[in-house]
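A structural walkthrough
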Amino acid sequence: MTSPASSSEVKYLIESSEGNTFDVSGAALRQSNTFNAMFLNIGADGPIPFTDYNEATLKKVFEYCEHSVNEENYSGPKHQDDLSKWDLNFFNEMDQKMFIDVINASNFLDIERLTSYCCERIARMLRGKNTQEMIKVITLPTAEELEAKQKVEEKKAAAAKKVAEKAAETAEKTETLEELPVQQLVQTTRNKLTRKYLSFSNE
Amino acid sequence: MEKPFPLFRLPRLAIEEVISTMSPFEIINLSKTSLKIKYVIKCFLRTSRNSQFDLQLIMNKEPKVSLRGSEKMYFELKITSDKTKNGMRIYKECLYNEKFDTLWIYSENLIDEWMNLVKTVIEIFKFEKQIVIFHIDKFPTRNKAIVDFIKSQTPSIECCEFQGKTETDEDVEYFLNNINITNGLSMTVKLSDHFNFPQFNHLNSCSLDPANWLTFNQFIQFKGSHLCIHGSPFTSYELNQFLILWMTSQCHQNLRFLIININDPQSLVTIFNLPFEIINPNVERIGRVSQNDTITLRGGIDIKRIDGVTGTIHFKWRGDKMLLLMMVF
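Residues numbered from 1 in each chain as written. Chains lettered and ligands numbered in written order. Predicted model: local features only at pLDDT ≥ 70, side-chain atom pairs only at ≥ 80, totals over all residues. Heavy atoms only, no water.

The name an unreviewed UniProt entry assigns to chain B is F-box domain-containing protein, from the organism Caenorhabditis remanei.

The name recorded for chain A in an unreviewed UniProt entry is Skp1-related protein, from Caenorhabditis remanei. The annotation that UniProt attaches to chain A under Sequence similarities (unreviewed entry) is "Belongs to the SKP1 family." (UniProt positions renumbered as here; feature names shortened; annotations may be inferred.)

**So, the UniProt feature "domain: F-box" (unreviewed entry) in chain B**
The positions UniProt marks with the feature "domain: F-box" (unreviewed entry) are residues 4-42 of chain B. As annotated, residues 4-42 of chain B comprises 64% helix and 0% strand, and the C-alpha atoms at either end are separated by 23 Å. (Helix = DSSP H or I, 4+ residues; strand = E, 2+ residues; numbered from the N terminus.)

**Quick word on the pairing of strand β1 (residues 11-15) of chain A**
All names here are of chain A. Of the two faces of β1, only one is covered, namely that formed by Tyr12 and Ile14; the face formed by Lys11, Leu13 and Glu15 stays uncovered. In this structure, β1 lies alongside strand β2 (residues 21-25), joined through 5 bridges in antiparallel fashion. The residue bridging Glu15 from the neighbouring strand is Thr21, located in β2. Joining the antiparallel neighbours β1 and β2 is a turn of 5 residues, in which Gly19 adopts a positive phi near 90 degrees. The pairing of β1 with strand β3 (residues 48-49) spans 2 bridges and is parallel. Paired with Glu15 across the bridge in β3 is Pro49. (Buried < 20%, exposed > 50% of the residue type's maximum accessible area, 1.4 Å probe, protein only. Pairing = 2+ DSSP bridges.)

**Thoughts on the sheet that holds β2 of chain A**
Hydrogen bonding along the main chain pairs the strands of a sheet, whether they run parallel or antiparallel. All names here are of chain A. In space, the 3 strands of this open sheet follow the order β2-β1-β3, with mixed pairing throughout. Of all strands in the sheet, those bounded by a partner on one side alone are β2 and β3. Contacting β1 and β2, helix α3 (residues 55-67) runs over the sheet at an angle of about 15 degrees to β2. (Contact = heavy atoms within 4.5 Å. Axes fitted to C-alpha atoms, helices over the stretch in contact; angles between N-to-C directions.)

**Considerations on the packing of helix α4 (residues 110-124) of chain B against helix α5 (residues 143-153) of chain B**
Residues and elements named next belong to chain B. Viewed as axis vectors pointing N to C, α4 and α5 meet at an angle of 10 degrees, and their least axial separation amounts to 11 Å. Regarding the angle of α4 to α5, the classification is roughly parallel. Facing α4, whose interface residues are Ile111, Trp114, Met115, Val118, Lys119 and Ile122, α5 presents Ala145, Ile146, Phe149, Ile150 and Gln153. For the contact of α4 with α5, the residue count by class is 9 nonpolar, 1 polar and 1 charged. (Parallel < 35°, antiparallel > 145°, perpendicular 65-115°, else oblique. Nonpolar A, V, L, I, M, F, W, Y, C, P; charged D, E, K, R; others polar.)

**A word on the interface of chain A and chain B**
On the chain B side, the residues contacting the 32 residues of chain A number 26 residues. Across the chain A to chain B interface the summed buried area is about 2,900 Å²; carbon plus sulfur atoms make up 67%. The interface formed by chain A and chain B holds 0 salt bridges in total. Scanning the region where chain A abuts chain B turns up 8 residue pairs in polar contact (both at pLDDT 80 or more). The set of elements that each furnish at least two residues to the side of chain A that touches chain B consists of α5 (96-109), α6 (112-126), α7 (131-137) and α8 (143-202) of chain A. In terms of residue count, the dominant contributor to the side of chain A that touches chain B is α6 of chain A (8 residues). (Buried area = accessible area lost by both parts, 1.4 Å probe. Salt bridge = Lys/Arg side-chain N within 4 Å of Asp/Glu carboxyl O. Polar contact = N/O pair within 3.5 Å; in protein donor to acceptor, adjacent residues only side chain to side chain.)

**Here's the deal with the pattern of salt bridges**
Pairing between side chains becomes possible if they bear opposite charge and their charged atoms approach one another. Across all of its chains, the model carries 18 salt bridges over all chains by this definition. The salt bridge partner of Arg68 of chain B is Asp54 of chain B, with a shortest N-O separation of 2.7 Å. Within this pair, whereas Arg68 of chain B is found in strand β2 (residues 64-68), its partner Asp54 of chain B is found in strand β1 (residues 52-59), the two being separated by 14 residues in sequence. Judged by relative accessible area, Arg68 of chain B falls into the partly exposed class, the value being 23%. Here Asp209 of chain B ties to Arg318 of chain B by a salt bridge, and the two come within 3.1 Å at their closest N and O atoms. In this pair, Asp209 of chain B is assigned in the loop between β9 (205-208) and α7 (216-220) and Arg318 of chain B in strand β16 (residues 310-318), connecting sequence segments 109 residues apart. On the accessibility criterion, Arg318 of chain B (41% relative accessible area) is partly exposed. Put simply, Lys60, Glu63 and Glu93 of chain A are held in one network by salt bridges that share partners.

**As for helix α4 (residues 85-92) of chain A**
Residues and elements named next belong to chain A. Where α4 is concerned, the buried positions are Asp87, Phe90 and Phe91. Axial view of α4: buried residues confined to an arc of 90 degrees, hence all on one face. Packing partners of the buried residues in α4 comprise α3, α5 and α6. (Arc of directions from axis to C-beta.)

**Comments concerning the confidence of the model for chain A**
Segments scoring low in pLDDT should not have their predicted coordinates read at a detailed level. Across chain A, the average pLDDT comes to 75, with 67% of residues at or above 70. Considering each helix and strand of chain A separately, the mean pLDDT is smallest for α8 of chain A, with a value of 62, and largest for α5 of chain A, with 92. (pLDDT = per-residue confidence, 0-100.)

**Looking at unusual backbone geometry**
In this structure, Pro210 of chain B follows Asp209 of chain B across a cis peptide bond, with omega equal to 5 degrees. Here Pro210 of chain B is to be found in the loop between β9 and α7. A positive phi angle, close to 55 degrees, is found at Asp110 of chain A, a residue other than glycine. Take Asp110 of chain A: it is sitting in the loop between α5 and α6.

Printed below as a string of structure tokens:
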């Protein structure tokens, strides 16, 4: 990782589930709130591991981010009809599996614009349909799927809790370390004053 | 993407984002696809800040469930016995910027289908207010069943409106005895002179047309702020008694606005057998009617309550009936 003067020129190395690495510009990566929260301030040694997602998916996601770098700030979901030709091509050339992978990755990376466009696209599939027509469009979840989903979410919540606890512990330690010299200073001053007072009273 | 889309393999946030971009019609249809989907939708809508609607249950020739969202947008689902209307959807914009998106659903059994729809809607959405508009003579044999059903779905309703032309004392009484109305009541329904009104005192606003059954005692016990009475049997002497009771703070303490019919326009002297002041009609006054609303008044007859509050009375005609209007400020 380098750190030239212009932030848009900074390149980050991303590692996919296959272990492959590729470059992504800082400007594109900063559209991910997850990245901003995890690496922006502290930096990263070596490639950033997004190993839950394959290279093709990550490249697709960052292709979108690179493209939307120069767009205005995101201000809520756009109507599908307002999407540019490039956006439409981007979505149309994906098959269903890739589309789902992109939503999952975008959701994990917390890229609001991409997630919202993908969701609007799904909602469009259901728009204006009655119950019977909807049943044909979507796969209904089985009990096992729902159970598995719930378990994954519980695991995620537990992992997030652990990370938060660790972070809190680390923060506490840092605070203690920072406070030590001040406390020592106070203690030293107090000792000096006590000694002075004692010597004065002895006189 | 021709294969069925595995919506529920998406992360929860994405599913919620999809739901949030859907209209109530689509959400209702989606919730009917499976119990599990209904459960997920319910969890999202009941915790979401954006899912707040007012619910209107309208028992008409085509029973209707209407969800009123923000910006005066109404999503209406009408149950129809006309097969050709099934799935028909019409969007229209009306006066005062109100927008109506209406979808018709065909059913041979209107009431049962309406009940199923109400159940689904109440189950999945979170409502701020619940309003019932009951055309009491459209399904006379099912009125009690409808009341029982509404009672089973909601502990109380904010406002209720009755409409009807046939004398239906028993059904109206049954409704009022079983369903708690918390704010407003409007009755444009024909009732016998012996109709017994079970709940009246605690309502904030009430409109009765005709109020042939209303007794003077019931009338002076009204505690709300807005009262609109047409066709009451009160004499001018009784209206005078009411005004005197109001001036001495013995009744209608919260009253802000009153309309009441005058049965004998020749005896206004009897009504105003009390201290009053006639205001110059060229003088314009501004009265505060609620926290942020004001009203401009010209002329009228002022009467004063013992605590200094002013009531301004005007007279108006509605057809051949004279009305007394009183604004309190």
